[in-house]
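Residue-level structural notes
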Amino acid sequence: MDILKTATEWAKAEAFSTSFFILFGVMFLAACVGFWQLGKTVLAKAYIFPTLVAGILLLTIGLGLFISNNSRAKSFPAEYSKDASAFVQSEITRVEKTMEEYQTIAFKVFPAIIAVAALLIIFIDKPIWRAISITTIAMLVVILLVDSNANARLKVYKKQLESVEIIEIN
């Protein structure tokens, strides 16, 4: 197995999946413009700023991850040629750290925030709070969808890295 090719393909897949953050960020911004131009009710107008903030956050996340994954993919050949076993070990360490962050943030904190936002919809009757809650839920669902796929790819990538490490040690 060519671990350099595997690592590069993984980074490219990550860059592609982060483009969904960008796509949904643009969709949230389009919704913001729609609410701004076409919104006639108080509730519709309440969605303007929450969708603007969610769109900007998703665009920022998407662009930041896209740029970092592309630059990481470009740095792989130099790191690998310098010391292949150190490259594999550093990738395993980075993957484990990222998977731990997913377990805490994406799979515990985000669902808790979604639950709180859902309760706010039920118990607070102010249009702005309902708009904030619904927009927060929508944004976090997008993040969870992308992150759950990224986490699954990380598990496969980690297994590939560990299989290479075992071969190199023996």
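Above this text is the structure in question.
A brief look at the structure comes next. (Residues numbered from 1 in each chain as written. Predicted model: local features only at pLDDT ≥ 70, side-chain atom pairs only at ≥ 80, totals over all residues. Heavy atoms only, no water.)

Side note on the side chain of Thr8
For the record, the criterion: Numbering of helices and strands runs from the N terminus, with a helix taken as a DSSP run of H or I at least four residues long and a strand as a DSSP run of E at least two residues long. Exposure classes here rest on a 1.4 Å probe applied to the protein chains alone. A residue is buried below 20% of its type maximum, exposed above 50%, and partly exposed in between. Note on contacts: a residue pair is in contact if any heavy atoms of the two residues lie within 4.5 Å.
Position of Thr8 among the secondary structure elements: in helix H1 (residues 3-38). Residue classification places Thr8 among the buried residues on the basis of a relative accessible area of 18%. Ignoring anything within four residues of it in the chain, the contact list for Thr8 reads Ala73 and Phe76.

What about the pattern of salt bridges?
Which entries qualify depends on this criterion: Salt bridge, as used here: a side-chain nitrogen of Lys or Arg that lies within 4 Å of a carboxyl oxygen of Asp or Glu.
Enumeration over the complete set of coordinates arrives at seven salt bridges. Within this structure, Glu96, Lys158 and Glu162 form a network of salt bridges that share partners.

Regarding the packing of H1 against helix H3 (residues 48-82)
Applied cut-off: In this analysis, axes come from line fits to C-alpha atoms, helices being fitted only over the stretch in contact, and the angle between any two N-to-C directions falls in the range 0 to 180 degrees. Angular relationships are summarised with four words: roughly parallel below 35 degrees, roughly antiparallel beyond 145, roughly perpendicular across 65 to 115, and oblique for the angles in between. Crossings are classed by handedness, with left-handed meaning an anticlockwise turn of the near helix from the far one by less than a right angle and right-handed meaning a clockwise turn. When residues are sorted by character, Ala, Val, Leu, Ile, Met, Phe, Trp, Tyr, Cys and Pro go into the nonpolar class, Asp, Glu, Lys and Arg into the charged class, and all the rest, Gly among them, into the polar class.
One way to put it is that H1 packs onto H3 with a least axis distance of 7 Å and a crossing angle of 165°. In this view, H1 runs roughly antiparallel relative to H3, as classed from their interaxial angle. When you trace H1 past H3, the crossing you get is left-handed. Considering only residue class, the contact of H1 with H3 consists of 30 nonpolar, eight polar and two charged.

Here's the deal with the packing of aromatic side chains
Counted only if it meets this: Put simply, two rings from Phe, Tyr or Trp (the six-membered ring, in Trp's case) pair if the centres are within 6.5 Å, and we call them stacked under 30 degrees between planes, edge-to-face over 60, tilted for the rest.
Enumeration over the complete set of coordinates arrives at six aromatic pairs. Ring centres of Phe16 and Phe20 lie 5.4 Å apart, and the angle between their planes is 85°; this geometry places the pair in the edge-to-face category. In this pair, Phe16 and Phe20 both sit in helix H1, four residues apart, roughly one turn of the helix. Each ring, one from Phe76 and one from Phe87, has its centre 5.2 Å from the other, and the planes form 75°; the classification is edge-to-face. Placement of the pair is Phe76 in helix H3 and Phe87 in helix H4 (residues 84-123), with a sequence separation of eleven residues. Overall, the relative accessible area of 0% leaves Phe76 in the buried class.

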